[in-house]
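Structure at a glance
The residues making up each chain are set out below.
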Amino acid sequence: MKTTVYGYPKIGENRELKKVVESYWKGEITKSQLLEKAQEINLNRVKKVLEAGIDIVPSNDFSLYDFVLDTATMFNVIPERFKKIEDSLDLYFAMARGSDDAIACEMTKWFDTNYHYIVPELAGDIKLVKNRPLESYKNIKENLSLETKPVIIGPFTFVYLSKVYQKQEGSILMEMVKAPESEKFEYFLDYFADLYNQVLRQLQDEGVKVVQLDEPAFVLDLSDKEVDLALRTYQKAVEGIDKLDVIVQTYYESLSSYEKLINLPVKGIGLDFVSNTENFENIKRYGFPKDKLLVAGVVSGRDPWKTDLKQAAEFIKSLFDYIPQENIILSNASPLFHLPVSLKPEVGHLSEDLINLLSFADERLEELKLLKQHFTEGIDLPDQNLQNIRDRYKNEEVRKLVSFYKNQEVGRKTPFKERYKKQMDILKLPLFPTTTIGSFPQTQEVRKVRADYKAGRITEKEYKEFIKSQIANVIKLQEELDLDVLVHGEFERTDMVEFFGEKLEGFTFTKNGWVQSYGTRCVRPPIIYGDVSRPNPMTLEEITYAQSLTNRPVKGMLTGPVTILNWSFYRKDIPKEDIAYQIALALRQEVIDLEKAGIKIIQIDEPAFREGLPLKKSKQEHYLNWSVNAFKLSHDTVKDETQIHTHMCYSEFNEIIEYIYKMDADVISIEASRSKGEILGAFEKFNYDHGIGIGVYDIHSPRVPREEEIEEIVRRALRYIDKNLIWINPDCGLKTRGWDETVKSLKNMVNVAKKLREELK
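Residues numbered from 1 in each chain as written. Predicted model: local features only at pLDDT ≥ 70, side-chain atom pairs only at ≥ 80, totals over all residues. Heavy atoms only, no water.

**Section: the overall build of the protein chain**
Under the convention used in this document: By definition, any uninterrupted DSSP run of H or I lasting at least four residues is a helix, any uninterrupted run of E lasting at least two residues is a strand, and each is numbered from the N terminus. Every radius of gyration here is taken over C-alpha atoms, with the globule rule written as 2.2 Å times N^0.38, N being the number of residues. Whether two residues are in contact is decided by their heavy atoms: any pair within 4.5 Å suffices. Per-residue and other accessible areas were derived by the Shrake-Rupley procedure at a 1.4 Å probe size, with only the shown protein chains allowed to occlude residues. A positive count includes Lys and Arg, and a negative count includes Asp and Glu. His and the chain ends are not counted in either. Note that the charge is assigned to NZ on lysines, CZ on arginines, CG on aspartates and CD on glutamates.
Each helix and strand in the protein chain was counted, giving 27 helices and 22 strands. The C-alpha atoms of the protein chain give 26 Å as radius of gyration, which agrees with the globular expectation for 761 residues (27 Å, within 12%). Dimensions of the protein chain along its principal axes, counting C-alpha atoms only, are 70 × 60 × 50 Å. Sequence-distant contacts in the protein chain: of pairs separated by 6 or more residues, those separated by 24 or more amount to 79%. Of the roughly 29700 Å² that the protein chain leaves accessible, carbon and sulfur atoms contribute 46%. Side chains of the protein chain give 106 positive and 121 negative charges; the mean places of these two sets differ by 2 Å.

**A look at the sheet that holds strand 18 (residues 601-605)**
Rule in force here: Two strands pair if DSSP finds at least two bridges between them. Between the N-to-C directions of two axes lies an angle of 0 to 180 degrees, each axis being a line fitted to C-alpha atoms and, for a helix, fitted only over the stretch in contact.
Sheet architecture is open: 6 strands sit in the order 17-18-19-20-21-22, paired in parallel fashion. Unpaired on one side and paired on the other, strand 17 (555-559) and strand 22 (726-729) mark the two borders of the sheet. Averaged over all neighbouring strand pairs, the angle between strand axes comes to 25°, with direction disregarded. Looking at chain direction, strand 19 (residues 643-647) and strand 20 (residues 667-671) are connected through 3 bridges and run parallel. Across the sheet, residue His 645 finds its bridge partner in strand 20, namely Val 667.

**Examining the layout of surface pockets**
Where empty space is left in the structure can be found by rolling a water-sized probe over the atoms. Going by this rule: Cavity: a set of points on a 1 Å grid over the protein atoms alone where a 1.4 Å probe fits but cannot get out. Pocket: an open set with protein on both sides within 12 Å along at least five of seven lines, its lining residues, like those of a cavity, having an atom within 4 Å of a point. Grid points are joined across faces, edges and corners, and a volume is the space filled by probe spheres set on the points. We call Asp, Glu, Lys and Arg charged. Ala, Val, Leu, Ile, Met, Phe, Trp, Tyr, Cys and Pro are nonpolar, and the rest, Gly among them, are polar.
Looking at the second largest pocket, its volume works out to about 1500 Å³. For the second largest pocket, the lining is made up of 37 residues, of which Lys 18, Glu 22, Gln 442, Arg 447 and Thr 736 are closest to its centre. Put simply, the parts of the chain that give the lining of the second largest pocket at least two residues each are helix 1 (16-25), helix 17 (444-454), strand 15 (521-523) and helix 27 (739-760). For the lining of the second largest pocket, the element with the highest residue contribution is helix 17, accounting for 6 residues. A per-class count over the lining of the second largest pocket returns 10 nonpolar, 10 polar and 17 charged.

**Regarding empty space enclosed by the protein**
Tallied over the full model, the rule gives 10 cavities of 30 Å³ or more. By volume, the largest cavity amounts to about 260 Å³. Looking at the largest cavity, it is lined by 19 residues, and the ones nearest its centre are Asn 60, Asp 61, Phe 67, Val 151 and Ile 153. For the lining of the largest cavity, the secondary structure elements donating two or more residues are helix 3 (67-74) and strand 5 (149-153). Tallying contributions element by element places helix 3 first for the lining of the largest cavity, with 4 residues. The residue inventory of the lining of the largest cavity, partitioned by class, reads 11 nonpolar, 3 polar and 5 charged.

**Overview of the sheet that holds strand 11 (residues 293-299)**
Reading across from one edge, 1-12-11-10-9-8-5-2 is the order of the 8 strands in this open sheet, with parallel pairing throughout. Both edges of this open sheet fall to strand 1 (2-3) and strand 2 (58-59), since each of them pairs with a single strand only. As paired elements, strand 1 and strand 12 (residues 328-332) share 2 bridges and run parallel to each other. Paired with Lys 2 across the bridge in strand 12 is Ile 329.

**Some thoughts on the packing of aromatic side chains**
Put simply, the test is: Each pair of aromatic rings taken from Phe, Tyr and Trp, with Trp reduced to its six-membered ring, is defined by centres within 6.5 Å and is described as stacked if the planes are under 30 degrees apart, edge-to-face if over 60, and tilted in the remaining cases. Buried residues are those whose accessible area, probed at 1.4 Å on protein chains only, stays under 20% of the maximum for their type, while exposed residues exceed 50% and partly exposed ones sit between those limits. Charge-over-ring placement is defined geometrically: NZ (Lys) or CZ (Arg) within 6 Å of the ring centre, and within 35 degrees of the ring normal.
In total, this model carries 40 aromatic pairs according to the counting rule given. Geometrically, the ring pair formed by Trp 25 and Tyr 65 is tilted, given 6.3 Å between the ring centres and 45° between the ring planes. Of this pair, Trp 25 sits in helix 1 while Tyr 65 is found in the loop between strand 2 and helix 3, placing the two residues 40 residues apart along the sequence. Given the relative accessible area of 3%, Tyr 65 is considered buried. The structure contains a cluster of three or more aromatic residues connected by ring pairs, namely Tyr 6, Phe 67, Trp 110, Phe 111, Tyr 115, Tyr 117, Tyr 251, Tyr 252 and Phe 337. Above the ring of Phe 499, the side-chain terminus of Arg 493 is found at 4.7 Å from the ring centroid.

**Describing the packing of helix 18 (residues 460-481) against helix 27**
Where helix 18 contacts helix 27, the axes come no closer than 10 Å and their chain directions differ by 35°. Judged by residue contacts, Val 474, Leu 477 and Leu 481 of helix 18 engage Trp 739, Val 743, Leu 746, Lys 747 and Val 750 from helix 27.

**Concerning the side chain of Gln 373**
Looking at the secondary structure, you find Gln 373 in helix 13 (residues 361-376). If we skip the residues at most four places from it in the chain, Gln 373 touches Gly 378 and Ile 379.

**What about the environment of Ile 283?**
Tracing the backbone shows Ile 283 in helix 10 (residues 278-286). Look at Ile 283 and you get buried, because its relative accessible area is 0%. Separated by 188 residues in sequence, Ile 283 and Ile 471 place their C-alpha atoms 59 Å apart. With sequence-adjacent residues up to four places away left out, Ile 283 is seen in contact with Tyr 258, Leu 271, Phe 273, Leu 294, Leu 319, Tyr 322 and Ile 323.

**Some thoughts on helix 8 (residues 224-237)**
What counts is decided by this rule: Residue count minus one, scaled by 1.5 Å, sets the expected span of a helix. This arc is built from the directions going out from the helix axis to the C-beta atoms.
Between the first and last C-alpha of helix 8 there are 20 Å, a value that for 14 residues agrees with the 20 Å anticipated at 1.5 Å per step. Taken together, the buried positions of helix 8 are occupied by Glu 226, Val 227, Leu 229, Ala 230, Thr 233, Tyr 234 and Ala 237. Along helix 8, the residues classed as buried sweep out an arc of 160° about the axis, all on the same side. Exposed residues lying more than 90 degrees from the buried face of helix 8 are Asp 224 and Lys 225. Buried residues belonging to helix 8 abut helix 6 (155-160), helix 7 (183-206), strand 8 (210-214), strand 9 (245-249) and helix 9 (258-261).

**Brief notes about the state of the cysteines**
In protein structure, a disulfide is the covalent linkage between the sulfur atoms of two cysteines. Threshold: For this text, the term disulfide refers to a pair of cysteine sulfurs within 2.5 Å.
Enumeration according to the criterion identifies 0 disulfides in this entry. Left unpaired, Cys 522 is separated from the closest cysteine sulfur, that of Cys 732, by 16 Å. Taking relative accessible area as the criterion, Cys 522 reaches 4% and is therefore assigned buried.

**Let's talk about the confidence of the model for the protein chain**
Test applied: For every residue, the predictor assigns a confidence score, pLDDT, that lies between 0 and 100.
Taken residue by residue, the protein chain gives an average pLDDT of 93. The fraction at 70 or more is 97%. pLDDT under 50 marks residues 168-172. Its contacts with residues more than four places away, or in other chains, come to 11 contacts.

**Observations concerning unusual backbone geometry**
The phi dihedral of Asn 60 is positive, around 60°, even though this residue is not glycine. Counting through the fold element by element, Asn 60 comes out in the loop between strand 2 and helix 3. Its identity as a non-glycine residue notwithstanding, Asp 482 has a phi of 70°, on the positive side. As for its placement among the helices and strands, Asp 482 is situated in the loop between helix 18 and helix 19 (498-501). Taking relative accessible area as the criterion, Asp 482 reaches 27% and is therefore assigned partly exposed.

And the structure:
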């Protein structure tokens, strides 16, 4: 029995990768210095995996920005608009972030996670230009004298998640390669099978012993044709590969069409036994090929709760009834980059009880080692008493409330049209009202003052006066820009989930538990260890102060219950929907207080609503129903005159537009810039008759959008949506941007709104 891992975090123990890449962007270090430091970070992480006793160590799982973008550039999948950038590294970052002349490639969520990947755009001279897995393998072998397992996204998943350009009604838009009845999907699968065969042949010629192809798309609900295409793709991709063991790794759910895909022409299959029970049920029903290795995902890569080692050992033992022990490789069930690096910095910061409940990426390595030693050396596994610790954090009153509301019909009673007319009459807003999503740039000065306050270096009074000064400045700026609906800037908030978690019972926070969200953006997910409640108001002071400074409406800004849940590490021994209802009830109290204080617009953001959608269609309806109800429960007390907004971003909404409509928000704001307005196609087929805020420029890119780019997106929206329902805004919060680019971008946005008002009034 052996062990392996995949997806070990690449950010560094103290976010070293973030710091060095951003230093390069700022011109503070050279390209060679960036690459030298990145090499050091990568070698350190490889050494850590090796020293933890893992038998099969991965390579090519390190990236300067995104592993999907790495794969795209490896195959020369470079959109035409970037071709004139000569330097390969600058081109790489331009595709991720945009340049002065080119809009960045689309970014969206990786399956049902909070990781964002760069969407490949398949066009042009696609060919193998750089064998990244081979380069990584040779680099580690040269520096550490170590044989590794190169890891790469499999051909099916890569093509499945890619997009192609289509021309429609005089404009250019993108669609999934795997669009309904698209012949391009089959064409590109066949094309990339040849390219992957080239990659594998070169690895084989170098003497590589094993390679891992990640195929998370194999857990989706695949049609018979797609399954047949997958089998055909692999027949072609592994042709002539007889000295290299190919492992196909699946995760996040159970393998689709198990009885067929288990017969892929490869040496081994990786299955996730943590997220589901179906994989084991299929093994019992259909068996497992005697000539294949099983990479058994037995410790979680997505949640930080310690593995019950004795329970895991019993499960592994049950596999022996179907698979020889020597054919089993123990592994994590999904990529470890969803976890913080190490629990060590949290010792002394978190309570001893919580430390005893948690395992991060480094601790997962130790768990795998212990499980292997239990079977190969006969060592005893420890008594952990995990449930006894969890039971200490119950709040029976909160649980009773949840039980009551789960059986009630929730939501506002007055129909939208009637509500919206009342709201707009009171707000007196023009056609195409302009606003922002919530946050404004958070400078180094803002971050320093927050840190000084937390560390006790300044008083609470000094801190609050500083925040007030920032709010006053941003209100004045928004009035000067002539925005119609203002925000307070969120200078007191480090993160849209962390801020609320710090004020709610049942949450705790790590000191150094950073997780990559996209590129160099890292977040520290809260840990929901107990039942959730709100002891005190959370946002009232800042919002009411901001409203006192202006006659224009200022939005109350809250993060929605589903997003707080999905962006936290939540307990697994409590139904997920129950935790969502607990958070919704806490937010409900906040909404009541904001309305009493005279706030006329309250935005309850749900950017993670789509993200939490189960990958299997059979499980989706249940999730969507309770998610909709949790959102509605958070605000169903408000008067008709109070306008409820929500914000969603970077997700495929087409298949769930019906449920977004059921959320019954007065205004929903969505991303429509990186995807070139593609998301608006969902509204072409569905008569969405509520307010829609069109995200007309990409805040994840430092470039300033041109007025004509913004106007093109709004005009596309006008084809599907009543002009009286359209709002205009950026596609997300402005926290990570600089002030100069923010002001210029918002000026262009307001100018477009005014131009269209004049034309279409």
